[in-house]
Amino acid sequence: MCIFCKIINNEIPSYKIYEDEYTLAFLDLSQATKGHTLIVPKKHFANIFETPCEELHHIMNSVKAVTEKLKKSLGVENVNILNNSGTLAGQTVHHLHFHVIPRYENDNCELCPSATNPSFDELKNLCDLINN
Ligand code: AMP
Ligand code: ZN
């Protein structure tokens, strides 16, 4: 059984932030910033590719609930909402989860430091490739 399934089954402890019929949210052990929270479905899905839309709707409702809770409790007004799906995307726990990472003035939290600036032609070709 995966580590998040064990948390859901109360076999290992977690610091719960929010729970409903479909999802659980708990503090990430490694706090990228203060209040960094993970939202997981109670059913095991490895990543976004394996998750039905209906489940994603439930998860997104919980993401919203968590952001509201962090706003009320910590005064959070800026967040990154992040999902890593697949090893190459940095996924280390293969039970779908969304990170809610509060952002603060000068928090020095860098989530995606590398970016490229393709030409408009390259963007058009890529757009055609994806759409056709
Ligand atoms: P990802 O790289 O997107 O798969 O993120 C996995 C996250 O799970 C990491 O940020 C870990 O710090 C976090 N994590 C791993 N084990 C636990 C745990 N038992 N309780 C809370 N967070 C955990
Ligand atoms: Zn699991």
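Each remark here, short or long, concerns the structure printed above.
Residues numbered from 1 in each chain as written. Chains lettered and ligands numbered in written order. Predicted model: local features only at pLDDT ≥ 70, side-chain atom pairs only at ≥ 80, totals over all residues. Heavy atoms only, no water.

K.L.:
Please provide a residue-by-residue account of helix H3 (residues 120–131), values included.
P.N.:
In a regular helix each residue adds 1.5 Å, so twelve residues correspond to 16 Å; H3 covers 16 Å between its end C-alpha atoms and thus fits that length. With zero of its twelve residues buried, H3 lies for the most part at the surface. (Helix = DSSP H or I, 4+ residues; strand = E, 2+ residues; numbered from the N terminus. Expected span 1.5 Å × (residues − 1). Buried < 20%, exposed > 50% of the residue type's maximum accessible area, 1.4 Å probe, protein only.)

K.L.:
Give a description of the site of ligand 1 that names residues and reports values.
P.N.:
Around ligand 1 lies a shell of 16 residues, among which Asp28, Asn84, Thr92, His97 and His99 are the nearest. One nitrogen or oxygen atom from the main chain of Leu29 is found 3.2 Å from a nitrogen atom belonging to ligand 1. Here an oxygen atom of ligand 1 sits 2.8 Å away from a polar atom, N or O, in the side chain of His97. Breaking the shell around ligand 1 down by element, the ones donating at least two residues are helix H1 (3–8) and strand S2 (23–27). When residues in the shell around ligand 1 are grouped by element, the largest group, three residues, is from H1. Tallied by class, the residues present in the shell around ligand 1 amount to eight nonpolar, seven polar and one charged. (Near = heavy atom within 4 Å. Polar contact = N/O pair within 3.5 Å; in protein donor to acceptor, adjacent residues only side chain to side chain. Nonpolar A, V, L, I, M, F, W, Y, C, P; charged D, E, K, R; others polar.)

K.L.:
Explain the nonpolar core to me, and be specific about the residues and the numbers.
P.N.:
Counting twelve residues, the largest nonpolar core is built from Ile17, Ala25, Ile39, Leu56, Ile59, Val63, Val66, Leu70, Val76, Leu96, Phe98 and Val100. Of all the elements in the fold, those that place two or more residues in this core are helix H2 (53–74) and strand S5 (98–102). Among the elements that line this core, the one with the most residues is H2, at five residues. Filtering out sequence-adjacent residues up to four positions away, Val63 remains in contact with Ile39, Ile81, Phe98 and Val100. In this structure, Phe4, Cys5, Ile7 and Ile8 belong to the second largest nonpolar core, which totals ten residues. (Core = buried A, V, L, I, M, F, W, Y, C linked by side-chain atoms within 4.5 Å. Contact = heavy atoms within 4.5 Å.)

K.L.:
Could you give an account of the pairing of strand S3 (residues 37–41), naming the residues involved and the relevant values?
P.N.:
Within S3, five of the five residues are buried, leaving the element largely enclosed by the surrounding structure. Alternating positions in S3 separate into two faces, Thr37, Ile39 and Pro41 on one and Leu38 and Val40 on the other, with burial throughout. Bridge count between S2 and S3: five bridges; the pairing is antiparallel. Within the sheet, the bridge partner assigned to Ala25 lies in S3 and is Ile39. Pairing analysis gives three bridges linking S3 to S5, with the strands arranged antiparallel. Within S5, the position partnered with Leu38 by the bridge is His99. (Pairing = 2+ DSSP bridges.)

K.L.:
I'd love a proper account of the coordination of the zinc ion (ligand 2), names of residues and values included.
P.N.:
Bound to the zinc ion (ligand 2) are the protein donor atoms Cys2 (SG), Cys5 (SG), His44 (ND1) and His95 (ND1), situated 2.0 to 2.3 Å from the metal. One way to put it: the four donor atoms around the zinc ion (ligand 2) meet at angles of 101 to 120°, and that makes the site tetrahedral. The sequence pattern describing where the donors of the zinc ion (ligand 2) fall on their chain is C-x2-C-x38-H-x50-H. Here Cys5 is found in helix H1, whereas its partner His44 is found in the loop between S3 and H2, with 39 residues between them in sequence. On the basis of relative accessible area, Cys5 is assigned to the buried category, the value being 12%. (Donors = N, O, S within 2.8 Å, 3.2 Å for Na, K, Ca; no water. Tetrahedral: all angles 85-135°; square planar, octahedral: opposite > 155°, others 65-115°.)

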